[in-house]
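# Summary of structural features
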Amino acid sequence: MKKLNKTIIFVLISSMFFVMSLTSCGDKSGNTIDEPEITSDYLHGEYAEQLITDGAETMLGYVDISKDGDTYMVHISEQEVVPNSDYDEGYYIADTNLAKDVSLGFDARIVCEEDGEQEVVTADDFIENQADDEKELYTVYLMGDSAELIMATEPEDVITEE
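Only a predicted model underlies this, so the values are computations on that prediction, with no experimental measurement involved.

## Regarding the pairing of strand β3 (residues 91–114)
Taken together, the 10 bridges between strand β2 (residues 71–83) and β3 define a ladder with antiparallel strand orientation. Its bridge partner being in β3, H75 is matched across the sheet by D101. Alignment of β3 against strand β6 (residues 146–152), held across 5 bridges, turns out to be parallel. Among the inter-strand pairings, R109 is bridged to a residue of β6, identified as L149. Relative to strand β4 (residues 117–121), β3 runs antiparallel, the two sharing 5 bridges. Note on β4: the bridge partner recorded for V111 is V120. The turn linking β3 back onto β4 is made up of 2 residues, and D115 within it adopts a positive phi angle of 55°.

Following this line, the structure appears as structure tokens:
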């Protein structure tokens, strides 16, 4: 009986040490998730889809970003692309007379059109360059009152059938 008790105690103690070694705190390698390279293709595809899956709403419009201390504010003037064959481009951009002011998310990403290429830029670069650009359409992905993704959008890409 004593031998059986010693064996049971030995198994319990061994099991306890095994479980503790699996759940112990410390520096473990291999537990990090590799974040994909942040490119405009990634942001237009997988990242935008994930935001929609997570409940983000989108708003199309002209965007102005301003900085107040450490906070960035985003002003969106909502626009609509209206198909119309009377125009050379086959559409015109109409103001919906709706505007929204939101904060720029801590990890927000911005994609602008620069020299015909989609480029990921910082909020400070966007502010610096927005005065130089004529009005450009952006799709803004909103989570509550926070802009999480701002992407330059070609009007042709959002035209819906009449």
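We are not done yet, so read on.
## With respect to the nonpolar core
Membership of the largest hydrophobic core comes to 20 residues, with the highest contact counts inside it found for V74, L104, I110 and I150. Residue assignment for this core shows that the elements contributing at least two residues are β1 (57–68), β2, β3, α3 (123–130), β5 (137–143) and β6. The dominant element in this core, judged by the number of residues it contributes, is β3, at 5 residues. Not counting residues up to four positions away in its chain, the partners in contact with L104 are Y72, V74, I110, A123, S146, A147 and I150. In this structure, Y42, L43, L51 and M151 belong to the second largest nonpolar core, which totals 10 residues.

## Here we look at the confidence of the model for the protein
Taken over all residues, the pLDDT of the protein has a mean of 83, while the share at 70 or more is 78%. Across the protein, element-level confidence peaks in β5 with a mean pLDDT of 95 and bottoms out in helix α1 (residues 2–23) with 67.

## Comments concerning the environment of E78
Structurally, the position occupied by E78 is in strand β2. In this structure the C-alpha to C-alpha distance between E78 and L60, which are 18 residues apart in sequence, comes to 5.6 Å. Setting aside chain neighbours within four positions, we find E78 in contact with M59, L60, G61, A94, D95, T96, N97 and L98. One polar contact links E78 to T96, side chain to side chain, over a distance of 3.1 Å.

## Structural notes on helix α2 (residues 40–53)
Compared with the 20 Å implied by 1.5 Å per residue over 14 residues, the 19 Å span of α2 between its first and last C-alpha is a close match. At Y47, α2 shows its maximal kink, close to 35°. Residues of α2 that are buried include every one of S40, Y42, L43, G45, Y47, A48 and L51, and no others. Summarising the contacts, the buried residues of α2 are in contact with β3, β4, β5 and β6. Remark: G55 follows α2 within two positions and exhibits a positive phi of approximately 105°.

## A short note on the pattern of salt bridges
Using the criterion set out here, one finds 2 salt bridges in the structure. Notably, a salt bridge pairs D64 with K135, separated by 3.9 Å at the nearest N-O pair. Residue D64 is found in strand β1, and its partner K135 is found in the loop between α3 and β5; the two are separated by 71 residues along the sequence. K67 is paired through a salt bridge with D124; the nearest N and O atoms lie 3.8 Å apart. With K67 in strand β1 and D124 in helix α3, this residue pair connects regions lying 57 residues apart in the sequence. Given a relative accessible area of 39%, D124 falls into the partly exposed group.

About the thresholds
Residues numbered from 1 in each chain as written. Predicted model: local features only at pLDDT ≥ 70, side-chain atom pairs only at ≥ 80, totals over all residues. Heavy atoms only, no water. Pairing = 2+ DSSP bridges. Helix = DSSP H or I, 4+ residues; strand = E, 2+ residues; numbered from the N terminus. Core = buried A, V, L, I, M, F, W, Y, C linked by side-chain atoms within 4.5 Å. Buried < 20%, exposed > 50% of the residue type's maximum accessible area, 1.4 Å probe, protein only. Contact = heavy atoms within 4.5 Å. pLDDT = per-residue confidence, 0-100. Polar contact = N/O pair within 3.5 Å; in protein donor to acceptor, adjacent residues only side chain to side chain. Expected span 1.5 Å × (residues − 1). Bend = angle between axes of the 7 residues up to and from the residue. Salt bridge = Lys/Arg side-chain N within 4 Å of Asp/Glu carboxyl O.

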